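Single-letter residue listing:
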Amino acid sequence: MFANFDFDVIRRSLAYLFLDGMTFTLMLTGLAGLGGLVFGTLIALMRLSRFRLMGHIAGLYVDLIRSLPLVLVIFWFYFLVPYVGQWLTGASRPIHVGAFASSLVTFVMFEAAYFSEIMRAGIQSISKGQPAAAQALGLTYSQTMRYVVLPQAFRNMLPVLLTQTIVLFQDTSLVYVVSIPDFLGAASKVAQRDGRLVEMYLFAAVVYFAISSFASFGVRRLQSRIAIVR
Amino acid sequence: MNYHWNWRIFWEPAPDGTGTYLDMLLSGLLVTIEVAICAWIIALAFGSVVGVLRTLPSKTASGIGFAYVEFFRNMPLLVQLFLWFFVLPELLPSAWGLWMKQLHNAPFYTAAIGIGLFMSARVAEQLRAGIGSLPRGQKLAATALGLTTAQTYRYVLLPIAFRIIMPPLTSEFLNTVKNTSVAITISLIELTGAARSMQEFSFQVFEAFTAATLLYLMINVVVVIAMRLIERGLAIPGYISGK
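Predicted model only: the values in this text are computed from it and were never measured.

Trainee: Just to check I follow, could you spell out the overall build of chain B for this structure?
Mentor: Looking only at helices and strands, chain B has ten helices and zero strands in total. The secondary structure elements of chain B, listed N-terminal to C-terminal, are α-α-α-α-α-α-α-α-α-α. Seen along its three principal axes, the alpha-carbon backbone of chain B occupies a region of about 70 × 55 × 30 Å. Here chain B holds 243 residues, and the buried ones make up 39% of them.

Trainee: Hey, could you run me through the overall build of chain A in this one?
Mentor: Each helix and strand counted, chain A has eight helices and zero strands in total. Helices and strands in chain A line up, N terminus first, as α-α-α-α-α-α-α-α. Seen through its C-alpha atoms, chain A measures out along the principal axes to roughly 75 × 55 × 25 Å. Each of the 230 residues in chain A was classed as buried or not, and the buried ones make up 37%. Excluding contacts between residues fewer than 6 apart, the proportion of contacts in chain A whose partners are at least 24 apart in sequence is 72%.

Trainee: Which parts of the structure should I look at to understand unusual backbone geometry?
Mentor: Look at serine 179 of chain A: it is not a glycine, yet its phi comes out positive at around 55°. By the secondary structure assignment, serine 179 of chain A is in the loop between α6 (141-171) and α7 (183-194). Its 10 C-beta neighbours within 10 Å are what place serine 179 of chain A among the exposed residues. A positive phi angle, close to 55°, is found at serine 187 of chain B, a residue other than glycine. Counting through the fold element by element, serine 187 of chain B comes out in the loop between α8 (166-179) and α9 (191-202).

Trainee: In this structure, what is going on with the environment of methionine 119 of chain A? I would like to understand it.
Mentor: Residues and elements named next belong to chain A. Secondary-structure assignment places methionine 119 in helix α4 (residues 99-124). Separated by 35 residues in the primary sequence, methionine 119 and valine 84 have C-alpha atoms spaced 28 Å apart. Not counting residues up to four positions away in its chain, the partners in contact with methionine 119 are Gly40, Thr41, Ala44, Ala153 and Met157.

Trainee: So what exactly am I meant to see when it comes to α7 of chain A here?
Mentor: Helical periodicity: at 3.6 residues per turn, an α-helix aligns residues three or four positions apart in one direction. Its twelve residues place the ends of α7 of chain A 17 Å apart at the C-alpha level, agreeing with the 16 Å of an ideal helix rising 1.5 Å per residue. Residues of α7 of chain A that are buried sit in contact with α1 (8-47) and α8 (197-226) of chain A together with α3 (77-91) of chain B. Backbone geometry just after α7 of chain A places glycine 195 of chain A at a positive phi near 65°.

What counts and how
The numbering scheme is per chain: residues are counted from 1 as the chain's sequence reads. Starting at A for chains and at 1 for ligands, labels are handed out in the order in which the entities are written. Per-residue local features are limited, in this predicted model, to residues with pLDDT of at least 70; the limit for side-chain atom pairs, both in listing and counting, is 80 or more; totals at the level of whole chains, interfaces and linings are taken over all residues. Numbering of helices and strands starts at the N terminus; helices are DSSP runs of H or I of at least 4 residues and strands are runs of E of at least 2. Residues with at least 20 other C-beta atoms within 10 Å of their own are called buried, those with 12 or fewer are called exposed, and the rest are partly exposed. The C-beta atoms themselves are positioned from the backbone. By the convention adopted here, residues are in contact when the distance between their C-beta atoms, placed from the backbone, does not exceed 7 Å. Multiply 1.5 Å by the residue count of a helix minus one, and that product is the helix's expected span.

All quantities given are derived from atomic positions and should not be read as evidence of function.
Structure (structure tokens):
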């Protein structure tokens, strides 16, 4: 079965796969996770705010993004970002946006919708007495959020946020559809150049599996360690 | 924006010779729905078995269930589809591999099976959570009545567990519909794929993707409304989803 396999193709392309591909994937995962968390928290605060209109707009955005497949969203942003860039900078033609910037914008906007739902659940899990006490102490809204509510919401939701980040790590492989060389894209390039689909795709599968299993094992440990006894 | 809008593009004939661009998108929509339903049947069947395995007292059974779920959850769906589509035929005896490669509609079957198995791990986790959320007394009472393990699951645990997990299953079904778009990578012309080819043929990027977006929204609305009716009919009074 493995007789005519050429495992050397993996060794030969290791540097390319990890230095180019995996670096891209991990950078994208990390930055999109952070950006998604920041924007997601803002969206969650909008949805929970007293201003109904703002809440509705945020809710519409979240519902819209969550009902679309990521592949379609990647296509949308891939074609839309140059036009938006043109509009923002006032250039005469759609600007050129690099592969990394384009996918980063896509994933931040996409993940923000998912992270916002997690943060919303986290904020709602804080008992009413906390913000009430903060207000009684004379803290403003932003102080209440910054020093009282959000730190606790973040801590309660940390395992869920990290699990979502593992999903994000796997989802970044979908930039394949616009031929951006992330880890899978790099593997696929080598696979097609050398006609070694089997070896490269098996190797990619093993690497994704190893990283995701290791990360989800870590999340499970963290979950049992930080659980707050109530 | 100096983008040239042309909304009438949908009524112009598409170069693939099957009709207008609108027909092209609608046939993509049909493929999306077909793949999603086939994948969902597989996901429910395998997911139920694995979900039950994970709750059994036997260490071996729950170990197998755990391994199954981890296997399908820790690889991106795209990689899994590539494994089924490109790698599996090469690993099988050559006669079988050749048969698979020559199979008519291979992307369709690969997508249905690949997405079905991918989603089955998630269905299994939902079912495990559903069974786990039942009061311990249910199982104890069934045992006290002299029911075997199989009977306990068949008549006591599963009928309630499935009704409790209806809402999460609805969103898993919607995830299945969305995941069909990943099959664009193994050249299945589903809805996103149809929009993509319309964009490549006509250069009307935003019209094509707007139409696809609206169609996806429509699927979501229909599924959510249908499931809400089913949930209402099946809800157990006194439970979270019941009144």
